[in-house]
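# Close look at the chain arrangement
Take a look at the letters that make up each chain.
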Amino acid sequence: MIKIIDYKAGNAPSVLHAVRHLGFAAELVSQAENLSGATHIILPGVGSAKATMDSLNEMKIFPVLEKLVREEKTPFLGICVGLQILFEHSEEDDCKCLGWLSGRVVRFDNSQVRVPQMGWNEVRFVKDSGINSAGHFYFVNSYHAKPENPQDLWAVADYGGDFTAAVNSGNIFATQFHVEKSGEAGLSLLKNFLQQGAK
Amino acid sequence: MLTKRLIACFDIVDGRVTKAIQFQDNIDVAAADVLAGEMYNAQIDELIFYDIHASSEKRLIDIETVKKVAARVFVPFTVGGGIKDLNGMYEALKAGAEKISVDSMAVRTPEIIREGAKAFGSQCVVLSTQVKRDPAFPSGYQVYIDGARTATGLDAIEWLKRCEDLGAGEICLNSIDCDGTLQGYDLPLMKKAEAAVRVPLIASGGAGEPSHLSDLFTQTQAQAAIISSMLYSPRLQKNYTPKELKQFLSDKGVSVRPFV
């Protein structure tokens, strides 16, 4: 079963709508023990990195998430803040994050661009992760990740200069844009992710 | 590059889209979920849905209709009407909305903006406001609430700045003077707003033909435009598809999400 982590502040219901629309069975998970048995794990995210880390900590979900994703290599998709918390640190509220990927999350310079970035931006995929899509995707973000390992960079977009639009490392995929709200381009990427063979 | 957004706006009564002129004389157009599905298929960039009677009837937004629309629409979806606290916001988000629009309630209880932004993130809180030209105010515009019926005594631009400080992630500015006139957006209003705040701005009220959109996007920094009549009003002789509007804008050098 595809499991979507629901920590009551994210937009898990929207992601569930999109996954079901694509014809897959999925369920929302709000308790750590219900994550076991996942064929795919999706971590949606809106709001701040700190609020997200706090909610996930409160759920005590990190040990099981680490085991499933990092040891057992279950396909994982992080969305928006679900991308940002994979890095070591976010500037937002000076928040320590998971550190699955090396690098930091920094704020857009609002003397250069309006913050938050809100809208459709053209995404350029810089490597083939096996589940690429193409086109314009919907972003809502004030912060963006700076991966230290160039090989983790999956896609970029331009907002006052190129920024990280998506990252990928093995079974870990994450998009700064909202695949569930990016029309057919987003649904296509989501479908590609879900169609990957289970671990 | 970030593209300019076209947002279809629905005024909802009993689960159906209606169309008014200057907040009066609503006529029935279509079932909300059906029209929303059509707009999604036509590649609209975003949807906003106002339950226009929820506040005056002192009830929460029509959650069933929010759910039905959310199940058919995979672009951002904002809802407003009758949401007066965090609980109401959470109910609407749980039903599948991305963003909550606050308007009259924000004037009565500005803290709802701060609380909403703290609980769900700024990106979730859209401040919508109805403003009307009034030379007695420093900016030349006054804020109105309750479907543009009640003057608030607030200067429009001061109000926008305050809402930005409170944490609104986006501001939708509706010109009461232009609403329903089909004569174009209030460009001077948008220019004043863009100089005063840094959050993304949405222009609302007055669009009647494609050139109004290109005027807005080439003469102001507005990032998005609300359109409704042009898309579906039976009162207009000609309705436009998002595809036609995007083609027109693209030809005028405005960057839009291409129709594919």
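Residues numbered from 1 in each chain as written. Chains lettered and ligands numbered in written order. Predicted model: local features only at pLDDT ≥ 70, side-chain atom pairs only at ≥ 80, totals over all residues. Heavy atoms only, no water.

### Overview of helix H8 (residues 210-219) of chain B
Three or more residues of H8 of chain B are buried, namely Pro210, His212, Leu213, Ser214, Leu216 and Phe217 of chain B. Residues of H8 of chain B that are buried in the fold lie against strand E1 (5-13), helix H7 (187-196), strand E11 (201-204), strand E12 (224-227), helix H9 (229-232) and helix H10 (242-251) of chain B. (Buried < 20%, exposed > 50% of the residue type's maximum accessible area, 1.4 Å probe, protein only. Helix = DSSP H or I, 4+ residues; strand = E, 2+ residues; numbered from the N terminus. Contact = heavy atoms within 4.5 Å.)

### Re the environment of Ala32 of chain A
Residue and element names in this part refer to chain A. Along the chain, Ala32 falls in the loop between strand E2 (26-29) and strand E3 (40-43). Placed 111 residues apart in sequence, Ala32 and Tyr143 show a C-alpha to C-alpha distance of 28 Å. For Ala32, the residues in contact, after removing those within four places along its chain, are Met59, Lys60, Ile61 and Val64.

### Brief notes about the pattern of salt bridges
All names here are of chain B. According to the stated counting rule, one finds 24 salt bridges over all chains in the structure shown. With a shortest N-O distance of 2.8 Å, Arg5 and Glu170 are connected by a salt bridge. Here Arg5 is found in strand E1, whereas its partner Glu170 is found in strand E10 (residues 170-175), with 165 residues between them in sequence. Assessed through its relative accessible area of 0%, Arg5 is described here as buried. (Salt bridge = Lys/Arg side-chain N within 4 Å of Asp/Glu carboxyl O.)

### Quick notes on the packing of aromatic side chains
To describe a pair of aromatic rings, one takes the distance between the centres and the angle between the planes. All names here are of chain A. Inspection of the entire model under this criterion finds 15 aromatic pairs over all chains. Ring plane angle 65 degrees and centroid distance 5.6 Å describe the contact between Trp154 and Phe173, whose orientation is recorded as edge-to-face. Taken together, the residues span a long stretch of sequence, with Trp154 in strand E11 (residues 153-158) and Phe173 in strand E13 (residues 172-175) at a distance of 19 residues. Residue class for Trp154 comes out buried when judged on its relative accessible area of 0%. Ring centres of Phe173 and Phe193 lie 5.8 Å apart, and the angle between their planes is 75 degrees; this geometry places the pair in the edge-to-face category. Residue Phe173 is found in strand E13, and its partner Phe193 is found in helix H5 (residues 183-195); the two are separated by 20 residues along the sequence. By relative accessible area, which is 0% here, Phe193 ends up buried. Through a chain of ring-to-ring contacts, the aromatic side chains of Phe108, Phe125, Phe137, Phe139, Trp154, Tyr159, Phe163, Phe173, Phe177 and Phe193 assemble into a single cluster. (Phe/Tyr/Trp six-rings, centres within 6.5 Å; stacked < 30°, edge-to-face > 60°.)

### Some words on the sheet that holds strand E8 (residues 117-125) of chain A
Residues and elements named next belong to chain A. Reading across the sheet, the nine strands line up as E2-E1-E3-E4-E13-E12-E11-E8-E9 and stay open at both edges, with mixed pairing between neighbours. A strand with exactly one partner marks an edge of an open sheet, and here the two such strands are E2 and strand E9 (135-141). Here the average twist between neighbouring strands, direction ignored, is 25 degrees. Across seven bridges, the pairing between E8 and E9 is antiparallel. Bridged to Gln117 within E9 is Asn141. Running over the sheet, H5 touches strand E1 (2-5), E3, strand E4 (76-79), E8, E9, E11 and E13 and is turned about 140 degrees from E3. (Pairing = 2+ DSSP bridges. Axes fitted to C-alpha atoms, helices over the stretch in contact; angles between N-to-C directions.)

### Points about unusual backbone geometry
In this chain, Val115 of chain A is followed by Pro116 of chain A through a cis amide linkage whose omega measures 5 degrees. Among the secondary structure elements, Pro116 of chain A is positioned in the loop between strand E7 (103-107) and E8. If you check the backbone angles, Asp14 of chain B has positive phi at about 50 degrees while not being a glycine. With respect to the element layout, Asp14 of chain B can be found in the loop between E1 and strand E2 (16-21). With a relative accessible area of 71%, Asp14 of chain B lands in the exposed category. Of note, Leu182 of chain B is a non-glycine position whose phi angle comes to about 60 degrees, a positive value. Position of Leu182 of chain B relative to the elements: it lies in the loop between E10 and H7.

### So, the side chain of Gln130 of chain B
Mapped onto the elements of the fold, Gln130 of chain B is located in strand E7 (residues 125-133). Take Gln130 of chain B: its relative accessible area is 11%, and that puts it in the buried class.

### A look at the interface of chain B and chain A
Opposite the 40 residues of chain B that make contact, chain A presents 34 residues. Regarding the contact of chain B and chain A, the summed buried area is about 2,800 Å², with carbon and sulfur atoms giving 54% of it. On the chain B side of the interface with chain A, the three residues burying the most area are Leu2, Phe74 and Arg198 of chain B, jointly 27% of the side's total. The partner of Glu98 of chain B in a salt bridge is Lys181 of chain A, with the nearest N and O atoms 3.1 Å apart. Our enumeration of links across chain B and chain A arrives at 19 residue pairs in polar contact (both at pLDDT 80 or more). By residue number, the principal contributor to the side of chain B that touches chain A is helix H3 (residues 86-94) of chain B, which donates three residues. (Buried area = accessible area lost by both parts, 1.4 Å probe. Polar contact = N/O pair within 3.5 Å; in protein donor to acceptor, adjacent residues only side chain to side chain.)

### Quick word on the pairing of E8 of chain A
In summary, the side chains of a regular strand alternate between the two faces of the sheet. Across two bridges, the pairing between E8 of chain A and E11 of chain A is antiparallel. Bridging from a neighbouring strand, Arg124 of chain A pairs with Val156 of chain A of E11 of chain A.

### Looking at the pairing of E4 of chain A
Residues and elements named next belong to chain A. Residues Phe76 and Gly78 of E4 are buried on one face, and the alternating residues Leu77 and Ile79, pointing to the opposite face, are buried as well. With three bridges connecting them, E3 and E4 associate as parallel partners. Bridge pairing in E4 links Ile41 to Phe76. The sheet contact formed by E4 and E13 spans four bridges and is parallel. Looking at the pairing, Phe76 lines up with Ile172 of E13.

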